[in-house]
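Topology and contacts: notes
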Amino acid sequence: MPQRHSAQQYAPRPGIPAPRPVGRPVSAATMARPVGPAHPAAMPVGRPAAPAPRASVTFLTVAEVASMMRVSKMTVYRLVHAGELSAVRVGRSFRVPERAVQDYLRDAYTDIA
């Protein structure tokens, strides 16, 4: 911490006020106060333990889903808005979990006998 200079060390110049002291006066009694063990300042510094790793989720854009399903982007938007295909809104665009596309295609599959 830089040293604070008192206003008496500077020679006053005509027309220019002397610098004012900054902050409140600090005494030795207030600087070295012990802190109790439950106080937030006594807690260990750093990040808490890392949470368990999650399974990675791959998100696809509407154009990628459309090319996978061999349909137009408008069809994908219709599926998303109808609730048949789950999606996440990111800003003004949608992202579809790859697993949701696989589930939709599996459920929509019909066997022609």
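In the block above lies the structure referred to throughout.
All of these numbers come straight from a predicted model, not from anything done at the bench. (Residues numbered from 1 in each chain as written. Predicted model: local features only at pLDDT ≥ 70, side-chain atom pairs only at ≥ 80, totals over all residues. Heavy atoms only, no water.)

A short note on the overall build of the protein
The secondary structure content of the protein amounts to four helices and three strands. Here the protein holds 113 residues, and 12% of them are scored as buried. Sequence-distant contacts, at least 24 apart, represent 35% of the contacts inside the protein between residues at least 6 apart. Surface summary for the protein: the accessible area is close to 10,300 Å², and the carbon and sulfur share equals 58%. (Helix = DSSP H or I, 4+ residues; strand = E, 2+ residues; numbered from the N terminus. Buried < 20%, exposed > 50% of the residue type's maximum accessible area, 1.4 Å probe, protein only. Contact = heavy atoms within 4.5 Å. Areas by Shrake-Rupley, 256 points an atom, 1.4 Å probe, with all protein chains shown as cover.)

Regarding the pairing of strand β3 (residues 93-97)
It is a general feature of regular strands that their side chains alternate between the two faces of the sheet. Sheet topology places strand β1 (residues 59-61) next to β3; three bridges connect them, and they run antiparallel. Each residue of the ladder has a partner; that of L60, found in β3, is V96. The turn linking strand β2 (residues 88-90) back onto β3 is made up of two residues, and G91 within it adopts a positive phi angle of 65 degrees. (Pairing = 2+ DSSP bridges.)

With respect to the packing of aromatic side chains
Using the criterion set out here, one finds one aromatic pair in the structure. For the ring pair Y77 and F94, a centre distance of 6.2 Å and an interplane angle of 65 degrees mean the geometry is edge-to-face. With a gap of 17 residues between them, Y77 in helix α3 (residues 73-82) and F94 in strand β3 connect regions that are remote in the sequence. (Phe/Tyr/Trp six-rings, centres within 6.5 Å; stacked < 30°, edge-to-face > 60°.)

Without other data, these values stay purely geometric and don't point to any function.
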